[in-house]
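Spelled out from the first residue to the last, the chains are:
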Amino acid sequence: MPQSDAIPALLVLADGTTYRGWSFGATGTAIGEVVFNTGMTGYQEVLTDPSYCGQIVIFTYPELGNTGVNPLDEESERPQVQGAIARNICHKPSNWRSTQSLPDYLKQHQVPGIYGIDTRALTRKIRMFGAMNGGISTSILDEAELLEKVQAAPSMKGLNLVRQVTTPTVYEWSDPTTAIWEFNPVGVANSQESFTVVALDFGIKRNILRRLAAYGCRVIVVPADTSSEEILKYNPDGIFLSNGPGDPSAVTEGIETAKALLSAEKPIFGICMGHQILGHALGAETFKLKFGHRGLNQPAGLQERIEITSQNHSFAIDPDSLPKTHVEISHLNLNDRTIAGLRHKSLPVFSVQYHPEASPGPHDADYLFEKFVQSMQAARSTVSGIS
Ligand SMILES: NC(=O)CC[C@H](N)C(=O)O
């Protein structure tokens, strides 16, 4: 229920659908692509994932904010969503790790939210008609006026948002997953040889960096427009292509770099946007899904093994465009049979459309970090003549 001093807010979708609710977080107006996330946990990780830049996220889980927010659960240094839509909000968090309430946190970072919305009906609408632009506002309460602003906003298709979230400078990351949260101590202990990984930052999540560090990688994170020559100067054992927001086909500089890096024949691992960029570099195309996959229970696999995965994406690789002579599908999304993983037939190069680092989500796919480390180990042995 709204508090007695709740501020009224308006939500308008590009097709003219309107909902009225109350404001939480910052006041003002936010316009973006409205998408839904079905996860039952991890609202802070979702809000701070740079891949959501430009989007307003509907949370289908009915109450947000119960466990507050804390500095350790940030996937980047601030919330990255344009706005948030919730059924209900908890104003008084209760958790030993909480340092701030969710509404105060969003207010501090000027991110507007709206609650009191029938998120089930809204999600059904998006599922039926597809993801579309929308706006939430406390200052424009006239439906036609907000609709005009929503309809003037650019479509997500063709949008390069990487420049807004990539690191401006090179930095090194060496913090592994904290010991109390480490769920795979055996795998981690087995891979303590150190490898240098250059991570191309299209909007990287911190837990990817932590998982790479947990498996013994020293990670050098570089801006998205770093050239292949500069990357190879670090003499990396492997190259990582990160997740990120917007349309992958618009990230032409990243695609060109990935193409050039393929000819260096080093191990390459891509996650989500990284997977799509690798796909483009290998000669494939991407297309926009009707409403995307965002949640923590997406099944992925091919034949015997099925992983339950964490996902957040709008675009996918077009199977008809895949150059089958040198690339093969390693995983399918088992809900809709779209491509969820790729593998090069002769090079140590692979990628997944989902998020093996979870945060939030299940840990089924964590083995992919181990696989990346093993491919770097194998490449080292080949170079030194031990095979
Ligand atoms: N999480 C991601 O990297 C998302 C990739 C891309 N922006 C998409 O929506 O498909």
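Here, every reference points to the structure presented above.
Just so it is clear, the structure is predicted and the values come from calculations on it, not from any experiment. (Residues numbered from 1 in each chain as written. Predicted model: local features only at pLDDT ≥ 70, side-chain atom pairs only at ≥ 80, totals over all residues. Heavy atoms only, no water.)

Caption draft 1: Up close: the layout of surface pockets. Taken as a whole, the largest pocket holds about 900 Å³ of empty space. Looking at the largest pocket, it is lined by 38 residues, and the ones nearest its centre are Glu45, Asp73, Arg97, Trp181 and Ser359. Ranked by the residues each element gives to the lining of the largest pocket, the list is headed by helix α7 (residues 206-214), at four residues. Split by residue class, the lining of the largest pocket holds 13 nonpolar, 15 polar and ten charged. (1 Å grid on protein atoms, 1.4 Å probe; cavity = no way out; pocket = protein on both sides within 12 Å on 5 of 7 lines; lining within 4 Å. Points joined across faces, edges and corners; volume = space filled by probe spheres on them. Helix = DSSP H or I, 4+ residues; strand = E, 2+ residues; numbered from the N terminus. Nonpolar A, V, L, I, M, F, W, Y, C, P; charged D, E, K, R; others polar.)

Caption draft 2: Quick peek at the sheet that holds strand β6 (residues 83-86). Read around the barrel, seven strands follow the order β1-β2-β8-β6-β4-β3-β9 and close on themselves; strand pairing throughout is mixed. Geometrically, the sheet is characterised by an average inter-axis angle of 35° between neighbouring strands, direction not taken into account. As paired elements, strand β3 (residues 29-37) and strand β4 (residues 55-59) share five bridges and run parallel to each other. Residue pairing in the sheet places Phe36 in a bridge with Ile58 of β4. Its contacts with the sheet put helix α3 (residues 119-129) on β1 (8-13), β2 (18-25), β3, β4, β6 and β9 (132-137), and the angle it makes with β4 is roughly 125°. Contacts from helix α4 (residues 143-152) reach β1, β2, β3 and β9 within the one sheet, and its direction differs from that of β1 by about 50°. (Pairing = 2+ DSSP bridges. Axes fitted to C-alpha atoms, helices over the stretch in contact; angles between N-to-C directions. Contact = heavy atoms within 4.5 Å.)

Caption draft 3: View of the sheet that holds strand β14 (residues 268-271). Read across the sheet, ten strands follow the order β10-β12-β11-β13-β14-β19-β18-β17-β15-β16 without closing on themselves; strand pairing throughout is mixed. Of all strands in the sheet, those with a lone pairing partner are β10 (171-173) and β16 (306-317), marking the two edges. If you compare each strand with its neighbour and ignore which way they point, the axes differ by 25° on average. Looking at chain direction, strand β17 (residues 327-333) and strand β18 (residues 339-344) are connected through five bridges and run antiparallel. What sits directly across from Val327, in β18, is His344. Across the sheet, helix α11 (residues 367-384) lies against β11 (195-201), β12 (217-223), β13 (238-241), β14, β16, β17 and β19 (349-352), angled at about 125° from β11, the strand it touches most.

Caption draft 4: Unusual backbone geometry, seen in detail. Of the consecutive residues Ser359 and Pro360, the connecting peptide bond is found in the cis state with omega at 5°. Mapped onto the fold, Pro360 is located in the loop between β19 and α11. The backbone of Cys272 shows a phi angle near 55°, a positive value even though the residue is not glycine. For Cys272, the location among the structural elements is in the loop between β14 and α10 (273-281). The residue Ser359 is not glycine, and still its phi comes out positive at about 55°. Taking the relative accessible area as the measure of exposure, Ser359 reaches 16% and is therefore buried. (Buried < 20%, exposed > 50% of the residue type's maximum accessible area, 1.4 Å probe, protein only.)

These results come straight from atomic positions and should not be treated as a statement about function.
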